[in-house]
Amino acid sequence: MFLNAIIFLCVTSVFGQVSITSDMVPADNRTTDYTLINDFQGLDFDQEKSRISFDFIEDDTSGTIGGLDFKINFNPSDIDNAVFKGSAMVNTLDTNNFLRDGHLMWEKFFHKKKHPKISFVSKQVVSFEANTYKVIGNLTIKGIQKEVILTFSLDDKKLLGKTTIYTSDFGVSIHDEREKNKLNVRFYFPILK
């Protein structure tokens, strides 16, 4: 207690008069450590340069999907409060084949008129390895919602992600056998400086 009084006198002599209100002093006269809370709000990502690409394994077909609208609230020091949420527009699906892309919009496949968006909402983010995170959440395609796990790696310039899904699980059956509807998806989110 004596030491606290000496420190207080030194501080007031250097910085001038300090007023203490009753809510600053605990009722039992113990000193309180007012540690600064981590005020780092998270990373900001470049919406315009972000992209999602995919590989449809069976047919050796690659492509992209755009019209991205997303919110990523991600602080590597506070993953318990991380949020990954976003959508992509079905009509931006591009496999570099105009006829195939048009067929994919039909009711049999993505049914663009009824289900214009693909969406994802995270439920939990888990630190997996150094700078690697598992994002568990719900993916909705063609009105069908399934839980998926996305794996992300982080460096000082970007957040890279990947996952594997089977399009037939979401009512988009290109082939009859589930294994032949395997789709590897990649995410690229550059960090704004």
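Rules and cut-offs
Residues numbered from 1 in each chain as written. Predicted model: local features only at pLDDT ≥ 70, side-chain atom pairs only at ≥ 80, totals over all residues. Heavy atoms only, no water. Helix = DSSP H or I, 4+ residues; strand = E, 2+ residues; numbered from the N terminus. Buried < 20%, exposed > 50% of the residue type's maximum accessible area, 1.4 Å probe, protein only. Polar contact = N/O pair within 3.5 Å; in protein donor to acceptor, adjacent residues only side chain to side chain. Contact = heavy atoms within 4.5 Å. Salt bridge = Lys/Arg side-chain N within 4 Å of Asp/Glu carboxyl O.

So what's going on with the side chain of T61? Residues and values would help.
Mapping T61 onto the fold places it in strand β2 (residues 61–65). Of the residues examined, T61 reaches a relative accessible area of 9% and is grouped as buried. Within polar-contact distance, the side chain of T61 engages the backbone oxygen of D59 at 3.1 Å. Apart from residues lying up to four places away in sequence, T61 is in contact with F54, D55, F56, T95 and R100.

Mind laying out the environment of G161, listing which residues take part and the relevant values?
Structurally, the position occupied by G161 is in strand β8 (residues 158–166). Classification of G161 as buried rests on a relative accessible area of 7%. Sequence separation of G161 and L150 is eleven residues, and the distance between their C-alpha atoms is 6.5 Å.

Tell me about the side chain of H115, and name the residues and values.
With respect to the element layout, H115 can be found in the loop between α2 (98–104) and β5 (117–129). Apart from residues no more than four positions distant in its own chain, H115 is found in contact with V90, F110, K142 and G143.

Quick rundown of the pattern of salt bridges? Include the residues and the values.
Considering all chains together, one arrives at five salt bridges under this definition. K123 is paired through a salt bridge with E147; the nearest N and O atoms lie 2.5 Å apart. Note that K123 is positioned in strand β5 and E147 in strand β7 (residues 144–154), a separation of 24 residues in sequence.

Without other data, these values stay purely geometric and don't point to any function.
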